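# Close look at the chain arrangement
Spelled out from the first residue to the last, the chains are:
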Amino acid sequence: MAGILTSACVRAARARLKVTAVRQIHSSHDVVVVGGGIVGLATARELILRHPALSFVLLEKEKELALHQTGHNSGVIHSGIYYTPGSLKARLCVRGAALAYDFCDRKGIPYKKCGKLIVAVEQEELPRMRALYERGVKNGVRDLSIVDAKGIREREPFCRGIAALDSPHTGIVDWRKVALRYGEDFEEAGGAVLTDYEVSNISVASESPAGSSEGMRYPIAVRDAKGSELRCRYVLTCGGLYSDRLSQISGCSREPRIVPFRGDYLVLKPEKRYLVKGNIYPIPDPRFPFLGVHFTPRMDGGVWLGPNAVLAFKREGYNVYDFSAQDFADALSFRGLQKLVLKNVAYGVGEMYRGVFVGAQVKILQKFIPELQQSDVLRGPAGVRAQALDRDGNLVDDFVFDGGVGEVGSRVLHVRNAPSPAATSSLAIAEMIADEVESRFSL
Ligand SMILES: Cc1cc2nc3c(=O)[nH]c(=O)nc-3n(C[C@H](O)[C@H](O)[C@H](O)COP(=O)(O)OP(=O)(O)OC[C@H]3O[C@@H](n4cnc5c(N)ncnc54)[C@H](O)[C@@H]3O)c2cc1C
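Quick caveat: nothing in here was measured; it's all calculated off a predicted structure. (Residues numbered from 1 in each chain as written. Predicted model: local features only at pLDDT ≥ 70, side-chain atom pairs only at ≥ 80, totals over all residues.)

### A word on the overall build of the protein chain
Selection criterion: Counting from the N terminus, the helices are the DSSP runs of H or I reaching at least four residues and the strands are the DSSP runs of E reaching at least two. Within these notes, the globule rule equals 2.2 Å times the number of residues to the 0.38 power, and the radius of gyration is based on C-alpha atoms. Our exposure labels follow a C-beta count within 10 Å of each residue's own C-beta, placed from the backbone: buried means 20 or more other C-beta atoms, exposed means 12 or fewer, and partly exposed covers the counts in between. Residue pairs qualify as contacts under a 7 Å threshold applied to their C-beta atoms, which are placed from the backbone.
The number of helices and strands found in the protein chain is 14 helices and 20 strands. Taken against the 2.2 N^0.38 rule, which gives 22 Å for 443 residues, the C-alpha radius of gyration of the protein chain at 22 Å falls within 12% of a compact globule. Reported as C-alpha extents along the three principal axes, the dimensions of the protein chain are approximately 75 × 50 × 40 Å. Burial status across the protein chain gives 48% buried among its 443 residues. Looking at the protein chain alone, contacts between residues at least 24 apart form 75% of all its contacts between residues at least 6 apart.

### Digging into the environment of Val405
Of note, Val405 is situated in the loop between strand S19 (400-402) and helix H13 (406-409). It is 40 Å that separates the C-alpha atoms of Val405 and Lys107, two residues lying 298 residues apart in sequence.

### With respect to the packing of helix H2 (residues 38-50) against helix H6 (residues 175-188)
What counts here: Axes here refer to lines fitted to C-alpha atoms; in helices the fit is confined to the stretch in contact. Angles between the N-to-C directions go from 0 to 180 degrees. In these notes the angle categories are as follows: under 35 degrees is roughly parallel, over 145 is roughly antiparallel, 65 to 115 is roughly perpendicular, and the rest is oblique. The hand of a helix crossing depends on one turn: near helix anticlockwise from the far one by less than a right angle means left-handed, and clockwise means right-handed.
Packing of H2 against H6 leaves a shortest axis separation of 8 Å and a crossing angle of 30°. With respect to their mutual orientation, H2 and H6 come out roughly parallel. Of the two elements, H2 crosses H6, and the hand of that crossing is left-handed. Of H6, the residues touching H2 (which contributes Ile38, Leu41, Ala42, Ala44, Arg45 and Ile48) are Trp175, Val178, Ala179, Tyr182, Gly183, Asp185 and Phe186.

### Some thoughts on the sheet that holds strand S3 (residues 76-77)
To be explicit about the condition: Note on pairing: two strands pair once DSSP finds at least 2 bridges between them.
Strand order in the open sheet formed by three strands is S3-S8-S4, with antiparallel pairing between adjacent strands. Both outer strands of the open sheet, S3 and strand S4 (111-112), are each paired with one neighbouring strand and no more.

### Topic: the site of the ligand
Heads up, the condition is: Each residue receives a C-beta atom built from its backbone; the residue is near a molecule or strand if that atom lies within 6 Å of it. The classification used treats Ala, Val, Leu, Ile, Met, Phe, Trp, Tyr, Cys and Pro as nonpolar, Asp, Glu, Lys and Arg as charged, and all other residues, Gly among them, as polar. How far each domain reaches was decided by an automatic or database domain assignment.
If you check the shell around the ligand, you find 41 residues, and the closest are Gly35, Gly37, Gly240, Gly383 and Ala422. For the shell around the ligand, the elements supplying multiple residues, two or more each, are H2 and strand S18 (377-389). Of the residues assigned to the shell around the ligand, the class counts are 18 nonpolar, 18 polar and five charged. Inspection of the shell around the ligand shows a minimum of three residues originating in each of domain 1 (20-70 + 176-256 + 399-440) and domain 2 (260-393).

### Focus on the pairing of strand S7 (residues 163-167)
Counting buried positions over the five residues of S7 gives five, a clear majority of the element. Along S7, one buried face is formed by Ala163, Leu165 and Ser167 and the opposite face, lined by Ala164 and Asp166, is buried too. With five bridges connecting them, strand S5 (residues 116-120) and S7 associate as antiparallel partners. Looking at S7, one finds that Leu117 is bridged to Asp166. Where strand S6 (residues 145-148) and S7 come together, four bridges link them in antiparallel fashion. Its bridge partner being in S7, Val147 is matched across the sheet by Ala164.

### Comments concerning helix H3 (residues 88-107)
Inclusion rule: Between the first and last residue of a helix there are one fewer steps than residues, each counted as 1.5 Å, and that sum is the expected span.
With 20 residues, H3 extends 27 Å from end C-alpha to end C-alpha; this agrees with the ideal 28 Å at 1.5 Å per step. Residues of H3 that are buried make contact with S3, H6 and helix H14 (426-440). Downstream of H3 by a residue or two, Gly108 has a phi angle that is positive, lying close to 70°.

### Description of the nonpolar core
Defined as follows: For the purposes of this analysis, a nonpolar core is taken to be any set of buried Ala, Val, Leu, Ile, Met, Phe, Trp, Tyr and Cys residues that are connected through C-beta atoms within 7 Å.
One finds Val32, Ile38, Val235, Leu305 and Ile429 to be the most contacted residues of the largest nonpolar core, which totals 120 residues. Looking at which domains feed residues into this core, each of domain 1 (20-70 + 176-256 + 399-440) and domain 2 (260-393) supplies at least three. With near-sequence residues (within four places) excluded, Ile429 lies in contact with Val39, Ala42, Leu92, Gly96, Phe399, Ala418 and Ala422.

### Section: the domain arrangement of the protein chain
The accessible area lost on association of the parts is a frequent measure of interface size. As assigned here, the protein chain comprises domain 1 (20-70 + 176-256 + 399-440) and domain 2 (260-393). The interface of domain 1 with domain 2 comprises 13 residues on the first partner and twelve residues on the second. The residue inventory of the side of domain 1 that touches domain 2, partitioned by class, reads five nonpolar, six polar and two charged.

### Some points on the packing of H3 against H14
Direction vectors running N to C along H3 and H14 enclose 115°, while the axes themselves pass 6 Å from each other. In this view, H3 runs roughly perpendicular relative to H14, as classed from their interaxial angle. Contacts between H3 and H14 involve Leu92, Arg95, Gly96, Leu99, Ala100 and Phe103 on the former and, on the latter, Ser426, Leu427, Ala428, Ile429 and Met432. For the contact of H3 with H14, a count of residues per class yields eight nonpolar, two polar and one charged.

### Some thoughts on the environment of Lys343
Tracing the sequence through the fold places Lys343 in helix H10 (residues 335-343). Of the residues examined, Lys343 has 13 C-beta atoms within 10 Å and is grouped as partly exposed. Along the chain, Lys343 and Gly393 lie 50 residues apart, while their C-alpha atoms are 8.6 Å from each other.

### Quick word on the environment of Arg128
By the element assignment, Arg128 lies in helix H4 (residues 126-138). Under the C-beta neighbour-count criterion, Arg128 is labelled partly exposed, with 16 such atoms within 10 Å. On a C-alpha basis, the gap between Arg128 and Arg385 in space is 25 Å, while along the polypeptide they are 257 residues apart.

Next comes the structure, spelled out in structure tokens:
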């Protein structure tokens, strides 16, 4: 089951957004933004607030906005502990979390600052926990502390561990709701949103409409496969799981490539929700970018456990049996993925095993909450991460953008990698991309 949230508030926000599903569109704009996930929406909003006199349009291939990574995630407002001090990830997360709380306060979007414990269950994890504490402090995360086993029980009565890093400003929110609100701001400022517009070609406009100077003023054509064409001066793509293909269709580099990793969640049965109050995370394995299976309360009162991380056979495949021949062939033929798989066979098999056998996943979770039983959980939703990978099989961990050369390449900016916690960082990412757009293009 896909974890798309359809609460009353999300439905209301969707209704307020005047998204248009029309065909055969022929119009001209200063900037076309491709991708209606949280990164595209936040950036479109930031750009139009800075440049209200320009014409912007945002194109989304689905009939609704924010259905993919933005609508299938853990819903955590991260505080910025994990990331290398000085990295973009660290800076954008800390600033992004502050901006996100402020945005939610101003727009009346509900969130809960329920905190997070990163729990050490083995002695050997203690040095890594202390290193995380140092990182968090260096990154400017406020009010971090280390608590002992008694401190853990005071915060999470059913959680067992030797010690934990306590992050009281970590929170939870419905990121899809936040993204839809960015879209409303964009439209209120005069931006247009077109859904059901799957961009299939970005190239130099072939000819000007008769009797006009459109071709010179708007030299780039953005087309979909159904015959619509928009003209523009500049294009920004924020395509998430398709960021490499969007780059390729505009004649820019295909690398880094996107490899989809599916994460399956379990959910606690309602009568067992009392076991978890806030976020409970493991000490992460430094070899992998994913944070490990965790306990996460949801805004609707539910509790999600997971996710694992297994190679998906389809980029937007939320079910175990979803398969796309193109995505599969694409992934298999990529040397970077072949190298990654060879390096991590044991880890990959373990993740798949835990995905199939719920008992194996529960066993890991019992290290944190021993009272948890297999009969307390149900299979839940899934999300698919856009993991960027280089040709040597290295996971690209930080934010990446690039453009190209020539008439098209010099007018296009591609967001190539917006990894977790890009939802938390979205407003800070939007500021950075808008700065980059302003420095590359003559808006
Ligand atoms: C399982 C999971 C858990 C996560 N947990 C967290 C968390 O707790 N906290 C956090 O901060 N982050 C989390 N993240 C990360 C976060 O969700 C993503 O980094 C963020 O949503 C990325 O947003 P995006 O806009 O780049 O991508 P997306 O939300 O995937 O949006 C990309 C959009 O582009 C559209 N598109 C693609 N190709 C085209 C085309 N050709 N034409 C038109 N439109 C196109 C897609 O349809 C899509 O709507 C998690 C991610 C996953 C997968």
